[in-house]
Amino acid sequence: MGALLKRPILFGLLIGVMLLVLCIFVTIPMYDGIFHYDHELVHIQTEGKVALSYYFGNGLERTRANGILPTKIELKPIGYVLFILIHAGLPALVAIRFRMSNARKNIETPPNE
């Protein structure tokens, strides 16, 4: 783990991948989106929280409306922003924090000559 912390960009990428895998396999509805329901000639759109696992078919039973599964799920613009902030911004912040911490340690303890 110590060697991984000395490479903050790799550590940030690892955290980003772990967050993405977690959100794909565990149903965590946190992105704003729109559900489209089609029943015969009726098309209904409802807004709600979307989980990434819905796109892969996991947890879709929770989104039933009158016994009908959504035919299409899309993210709203704020949902895309939240996706970018969580899956790119958070790992970048972690990587920057560890990079600054490593730089500060290198300044405080100069290498032995």
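Placed above this text is the structure.
Scope of this entry: the structure provided in the associated data block.

### Here's the deal with the overall build of the protein chain
Reasoning step 1: A tally of helices and strands in the protein chain yields three helices and three strands.
Reasoning step 2: Tracing the protein chain from N to C terminus, the helices and strands come up as α-α-β-β-β-α.
Reasoning step 3: Relative to the compact-globule value of 13 Å for 113 residues, the protein chain shows a C-alpha radius of gyration of 21 Å, a clear excess of over 25%.
Reasoning step 4: Along the longest, intermediate and shortest principal axes, the C-alpha atoms of the protein chain span 80 × 25 × 15 Å.
Reasoning step 5: Among the 113 residues that make up the protein chain, the fraction classed as buried is 27%.
Reasoning step 6: Within the protein chain, counting contacts between residues at least 6 apart in sequence, those at least 24 apart form 59% of the total.

### Overview of the side chain of serine 53
Reasoning step 1: Mapped onto the elements of the fold, serine 53 is located in the loop between strand S2 (42–50) and strand S3 (72–75).
Reasoning step 2: With a relative accessible area of 0%, serine 53 lands in the buried category.
Reasoning step 3: The residues contacting serine 53, other than those within four sequence positions of it, are Cys23, Ile24, Val26, Thr27 and Asn58.

### Overview of the environment of isoleucine 44
Reasoning step 1: With respect to the helices and strands, isoleucine 44 occurs in strand S2.
Reasoning step 2: Residue class for isoleucine 44 comes out partly exposed when judged on its relative accessible area of 43%.
Reasoning step 3: With 26 residues separating them along the chain, isoleucine 44 and proline 70 place their C-alpha atoms 9.3 Å apart.
Reasoning step 4: Once residues within four sequence positions are removed from consideration, isoleucine 44 is found in contact with Phe35, His36 and Tyr37.

Thresholds, definitions, all that
- Residues numbered from 1 in each chain as written.
- Predicted model: local features only at pLDDT ≥ 70, side-chain atom pairs only at ≥ 80, totals over all residues.
- Heavy atoms only, no water.
- Helix = DSSP H or I, 4+ residues; strand = E, 2+ residues; numbered from the N terminus.
- Rg over C-alpha atoms; globule rule 2.2 N^0.38 Å.
- Buried < 20%, exposed > 50% of the residue type's maximum accessible area, 1.4 Å probe, protein only.
- Contact = heavy atoms within 4.5 Å.

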